[in-house]
Amino acid sequence: MTEESHPGPIVRDFDALLTYIDAFGVAVDVSRNLIYVSSVGEGRLAIIDGQTEKLVDKFKFRRSDGRVIPLLVLAANPNLGPAGHLWLVTSSAETDGEDQALLIHRWPAVSASRTIDQLQDFQSGIPIDLAHYPKWGIAIDSQTNRVWIPSIESELVNVVQDGEPVDEGLMGW
């Protein structure tokens, strides 16, 4: 059956594309037609072109001491900055995780000397401490630029104000 004649939603298998990660979260930047996929155990982020469905880039997230940052849920705020803002959640519920939201507001340039099969280290973002055990959700209100992240064990909802300019003095993890 062809996609055109299929009566319902189309389900595509991206296993060949994403076998290198244990996918956990997915977010879409509708302004740039990019899809972000996060992984927990490997601390990786894949960026997929929504038009071509091809891998655009991938990054490994590590703390300054080399520990993997387990990436859980994520959300894109395409309305801010030249590249939009991406919010990722890491949690103490995972090995080496800390109860934080990670704000990514600028991306390293893709190097012509590196292939898409090589991972770039990513250590330039802003960590924001959250109440204990954030894990299962994140939402962005594009009207107010507020980021909402529930913390299960704390029985709290963290509310973070997104915006520009971003305080560069807070970068690094």
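Here's a quick rundown of the structure. (Residues numbered from 1 in each chain as written. Predicted model: local features only at pLDDT ≥ 70, side-chain atom pairs only at ≥ 80, totals over all residues. Heavy atoms only, no water.)

1. Re the overall build of the chain
Within the chain one finds 1 helix and 12 strands. Start at the N end of the chain and walk to the C end: the helices and strands fall as α-β-β-β-β-β-β-β-β-β-β-β-β. Expressed as a percentage of the 173 residues in the chain, the buried residues total 43%. Long-range pairs, those at least 24 residues apart, make up 50% of the contacts in the chain with a sequence separation of at least 6. With an accessible surface of roughly 9,100 Å², the chain has 51% of that area assigned to carbon and sulfur atoms. (Helix = DSSP H or I, 4+ residues; strand = E, 2+ residues; numbered from the N terminus. Buried < 20%, exposed > 50% of the residue type's maximum accessible area, 1.4 Å probe, protein only. Contact = heavy atoms within 4.5 Å. Areas by Shrake-Rupley, 256 points an atom, 1.4 Å probe, with all protein chains shown as cover.)

2. Examining the sheet that holds strand β9 (residues 126-129)
What the 4 strands build is an open sheet, ordered β5-β6-β7-β9; its pairing is antiparallel. Across the chains shown, the open sheet's two edge strands, defined by having one partner strand only, are β5 (74-77) and β9. With direction set aside, neighbouring strand axes in the sheet form an average angle of 20°. Of the pairings in the sheet, the one linking β5 to strand β6 (residues 85-90) comprises 4 bridges and is antiparallel in character. In the strand pairing of β6, L74 is matched with L88. (Pairing = 2+ DSSP bridges. Axes fitted to C-alpha atoms, helices over the stretch in contact; angles between N-to-C directions.)

3. Quick notes on the sheet that holds strand β11 (residues 146-151)
As summarised here, the arrangement of the 3 strands in space is β10-β11-β12, forming an open sheet in which the pairing is antiparallel. What marks the edges here is a single partner per strand, and that holds for β10 (139-141) and β12 (156-161). Ignoring which end each strand starts from, the neighbouring axes of this sheet average 25° apart.

4. Structural notes on the pairing of strand β7 (residues 100-104)
Walk down a regular strand and you will see the side chains alternate between the two sheet faces. Across the 5 residues of β7, 5 count as buried, placing the element largely inside the fold. On β7, burial covers both faces: Q100, L102 and I104 on one face and A101 and L103 on the other are all buried. Bridging between β6 and β7 involves 5 bridges; their strand directions are antiparallel. From the neighbouring strand, W87 faces β7, where its bridge partner is L103. The pairing of β7 with β9 spans 4 bridges and is antiparallel. Note on β9: the bridge partner recorded for L103 is I126.

5. Notes on a nonpolar patch on the surface
Taken together, the side chains of F24, W136 and I152 make up a nonpolar region of the molecular surface, amounting to roughly 310 Å² of accessible area. Relative to the assigned elements, F24 resides in strand β1 (residues 23-29). A residue is classified by how much of its surface remains accessible, and F24, at 31% relative accessible area, is partly exposed. (Patch = residues over 30% accessible without salt bridge, like charges linked within 9 Å, V, L, I, M, F, W, Y side chains within 5 Å. Salt bridge = Lys/Arg side-chain N within 4 Å of Asp/Glu carboxyl O.)

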